[in-house]
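# Close look at the chain arrangement
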Amino acid sequence: MFSYTDNLLLQALMKKHKREHSLLAETLLEYETLTGDEVRNLILKGKKPNRPIINKTGGTRGDTSILSGEDRSKPRLPGMGGKVGTRRDAKDV
């Protein structure tokens with residue numbers, strides 16, 4: 001656990017680097033992935049990558065249904081019947 005002093009230090013660091021955190025989060029939503037060099041240029045120089053933006057509508061891969069309150073009860077993947085499991089869910093035959 002963090003002590004009271006540690007919490008104060010963490011809060012100060014978060015406030016100090018708020019701009020960088022926000023810029024990184026915004027850029028990751030736009031481009032989805034960044035190389036190490038792109039992250040360095042973004043944080044140190046404030047320069048976004050010089051390539052096309054992948055996600056122009058916001059949300060995960062452009063899915064804004066979470067924000068719009070759209071009904072998501074229908075299956076999103078055709079033929080999956082609304083169920084998508086993991087390997088752990090699969091039964092050995």
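A few words on the environment of leucine 24. Along the chain, leucine 24 turns up in helix H2 (residues 18–31). Placed 19 residues apart in sequence, leucine 24 and isoleucine 43 show a C-alpha to C-alpha distance of 7.4 Å. Beyond its immediate stretch of four places on either side in the chain, leucine 24 contacts Leu34, Leu42 and Ile43.

To continue, consider H2. Between its first and last C-alpha atoms H2 spans 20 Å; for 14 residues at 1.5 Å apiece the expected length is 20 Å, and the two agree. Buried within H2 we find Glu20, Leu23, Thr27, Glu30 and Tyr31. Along the axis of H2, the buried positions cluster into a sector of 95°, meaning they face one direction only. Buried residues belonging to H2 abut helix H1 (4–16) and helix H3 (36–45). In the segment just after H2, glutamate 32 is the residue with positive phi, at about 70°.

Cut-offs used in this document
- Here the residue index of a chain counts from 1 through its sequence in written order.
- Only residues with pLDDT of at least 70 are given local features in this predicted model, and only at 80 or more are side-chain atom pairs given and counted; all residues enter the totals for whole chains, interfaces and linings.
- To get the side-chain values, all heavy atoms of the structure are used, and hydrogens and water are removed first.
- Comment: elements are numbered from the N terminus, with helices defined as DSSP H or I runs of at least four residues and strands as E runs of at least two.
- Residue contacts are counted whenever heavy atoms from the two residues lie within 4.5 Å of one another.
- Expected span of a helix, by definition, is 1.5 Å for each gap between consecutive residues, and there is one gap fewer than residues.
- Burial classification: accessible surface area is computed with a 1.4 Å probe over protein chains only, and a residue below 20% of its type maximum counts as buried, one above 50% as exposed, and the rest as partly exposed.
- Within this analysis, the arc is defined by the directions that extend from the helix axis to the C-beta atoms.

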